[in-house]
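# Architecture and fold: a report
What follows is each chain in one-letter form.
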Amino acid sequence: KAGVTQTPRYLIKTRGQQVTLSCSPISGHRSVSWYQQTPGQGLQFLFEYFSETQRNKGNFPGRFSGRQFSNSRSEMNVSTLELGDSALYLCASSLGTGMNTEAFFGQGTRLTVV
Amino acid sequence: GENVEQHPSTLSVQEGDSAVIKCTYSDSASNYFPWYKQELGKRPQLIIDIRSNVGEKKDQRIAVTLNKTAKHFSLHITETQPEDSAVYFCAASIGGSTLGRLYFGRGTQLTVWP
């Protein structure tokens, strides 16, 4: 069974630009969550999608947005990039129904804003 | 929302010794507690988890204990090996309307010296 796949692995962008990151979950998983990981703040929750609907949202500005497609693949978009957006962006997939189930992470996208 | 505190932030042990990492949570509705191991440059990997209806779970050299009354849970690694060196994250999940969201501790950098 293929794991969670994130693309691209690395990105370098300039302040003010926008970026789109992609996450393909494990087959059969319908929930995709996104996290921002930085040395100072740890793993911070961005949002979670289930069956193409945003089900939960963290405390990030509106510049951070996402969506999920009918095949459960998810994208997140960051507009008007700031230097502080430099981080490792991780997505996690899980079944997303019933009781809490295991969440599996992708290898992440390393975003550097210059 | 839920708040997860993790201690210590760094831990150094000699190979063969035991290591214990402790976490506390604030929301008594939390019912699922996974632990992740993240090696340098790699994705967080689920190593063990426990649900609120269980007090202890063991998998070879790794065990997790949960005290619901005190709202704390701990990771125990016995007979540590250099390959156990990594950052360990605890997390809690409430489920229900926030199913799919994990609340993470800040992480513990474990170093095992040969």
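Scroll up a little and you will see the structure.
Attention in this report is confined to the structure presented alongside it. (Residues numbered from 1 in each chain as written. Chains lettered and ligands numbered in written order. Predicted model: local features only at pLDDT ≥ 70, side-chain atom pairs only at ≥ 80, totals over all residues. Heavy atoms only, no water.)

### Regarding the nonpolar core
Just so we agree on the cut-off: Nonpolar cores are built from buried Ala, Val, Leu, Ile, Met, Phe, Trp, Tyr and Cys residues. Side-chain atoms within 4.5 Å join them into one set. Burial classification: accessible surface area is computed with a 1.4 Å probe over protein chains only, and a residue below 20% of its type maximum counts as buried, one above 50% as exposed, and the rest as partly exposed. The helix and strand labels rest on DSSP assignments: H or I over at least four residues marks a helix, E over at least two residues marks a strand, and numbering proceeds from the N terminus. Contact criterion: two residues are considered in contact whenever any of their non-hydrogen atoms come within 4.5 Å of each other.
Ranked by internal contacts, the top residues of the largest apolar core, which has 25 residues, are Trp35(B), Phe73(B), Leu75(B) and Leu110(B). If you list the elements that add at least two residues to this core, you get β2 (10-14), β3 (19-25), β4 (32-38), β5 (45-51), β7 (62-67), β8 (72-77), β9 (86-92) and β11 (108-113) of chain B. Setting aside anything within four residues of it in sequence, one finds Phe73(B) in contact with Ile21(B), Lys22(B), Cys23(B), Tyr25(B), Phe33(B), Trp35(B), Thr65(B), Leu66(B), Cys90(B) and Ala91(B). Within the second largest apolar cluster, 21 residues are counted, among which are Cys23(A), Val32(A), Phe64(A) and Cys91(A).

### Some words on empty space enclosed by the protein
Where we set the bar: A 1.4 Å probe that fits into a set of points on a 1 Å grid over the protein atoms alone but cannot get out defines a cavity; an open set with protein on both sides within 12 Å along at least five of seven lines defines a pocket, and lining residues are those with an atom within 4 Å of a point. Grid points are joined across faces, edges and corners, and a volume is the space filled by probe spheres set on the points.
This model, assessed by the stated rule, comprises one cavity of 30 Å³ or more. Taken as a whole, the largest cavity spans an internal volume of roughly 110 Å³. In terms of lining, the largest cavity is formed by 15 residues, of which the most central are Ser94(A), Thr101(A), Ala103(A), Gly100(B) and Arg101(B). Within the residue set of the lining of the largest cavity, elements represented by two or more residues are β4 (31-38) and β9 (87-94) of chain A.

### Focus on unusual backbone geometry
With an omega of -10°, the peptide bond running from Thr7(A) to Pro8(A) counts as cis. The residue after His7(B), namely Pro8(B), is reached through a cis peptide bond having omega -5°. For Pro8(B), the position within the fold is in the loop between β1 (4-7) and β2. With a phi angle near 45°, Thr80(A) is a residue other than glycine that sits in the positive phi range. Turning to its location among the elements, Thr80(A) is positioned in the loop between β8 (74-78) and β9.

### Some points on the interface of chain A and chain B
To keep it simple, the criterion reads: As used here, buried area is the combined drop in accessible area, with a 1.4 Å probe, of two parts when they are placed together. Any Lys or Arg side-chain nitrogen found within 4 Å of a carboxyl oxygen on Asp or Glu counts as a salt bridge. Polar contacts, as counted here, are pairs of nitrogen or oxygen atoms within 3.5 Å of one another; within protein the pair requires one atom able to donate a hydrogen and one able to accept it, and residues that are adjacent in sequence qualify only if both atoms are side-chain atoms.
Between chain A and chain B, the residue contacts involve 28 residues of the former and 21 residues of the latter. Both sides together, the interface formed by chain A and chain B hides about 2000 Å², and carbon and sulfur atoms give 50% of it. Between the two partners, chain A and chain B, sit zero salt bridges. The interface formed by chain A and chain B includes five residue pairs in polar contact (both at pLDDT 80 or more). Elements represented by at least two residues in the side of chain A that touches chain B include exactly β4, β5 (42-50), β6 (53-57), β9 and β10 (104-105) of chain A.

### Side note on the pattern of salt bridges
All names here are of chain B. Counted under the stated rule, the structure contains seven salt bridges over all chains. A salt bridge links Lys57 to Asp49; its shortest N-O distance comes to 2.8 Å. Ionic pairing is found between Arg61 and Asp84, a salt bridge with its closest N-O pair at 2.9 Å. Taken together, the positions of Arg61 in the loop between β6 (56-59) and β7 and Asp84 in the loop between β8 and β9 put the pair 23 residues apart, joining distant regions of the chain.

### Here we look at the environment of Ser33(A)
By the secondary structure assignment, Ser33(A) is in strand β4. The exposure class assigned to Ser33(A) is buried, which follows from its relative accessible area of 3%. The spacing of Ser33(A) and Ala2(A) is 31 residues in sequence and 18 Å in space, taken between C-alpha atoms. Contact partners of Ser33(A), with chain neighbours within four places excluded, come to Phe45(A), Phe47(A), Glu48(A), Leu90(A), Cys91(A), Ala92(A) and Gly100(B).

### A word on the layout of surface pockets
This is how the line gets drawn: Any residue outside Ala, Val, Leu, Ile, Met, Phe, Trp, Tyr, Cys, Pro, Asp, Glu, Lys and Arg is labelled polar, Gly included; the first ten of those are nonpolar and the last four are charged.
Here the largest pocket is characterised by a volume of approximately 600 Å³. Together, 25 residues line the largest pocket, and Gln37(A), Arg110(A), Gln38(B), Leu40(B) and Val87(B) are the ones closest to its centre. Elements with a contribution of two residues or more to the lining of the largest pocket: β4 of chain A together with β9 and β11 of chain B. Ranked by residue count, the leading element in the lining of the largest pocket is β9(B), at three residues. Among the residues forming the lining of the largest pocket, the class breakdown is seven nonpolar, 13 polar and five charged. A volume near 390 Å³ is recorded for the second largest pocket. Contributing to the lining of the second largest pocket are 19 residues, with Gln41(A), Leu43(A), Gln44(A), Phe45(A) and Phe104(B) lying nearest its centre. Elements with a contribution of two residues or more to the lining of the second largest pocket: β5 of chain A together with β1 and β10 (103-104) of chain B. Of all the elements, β5(A) adds the most residues to the lining of the second largest pocket, at four residues.

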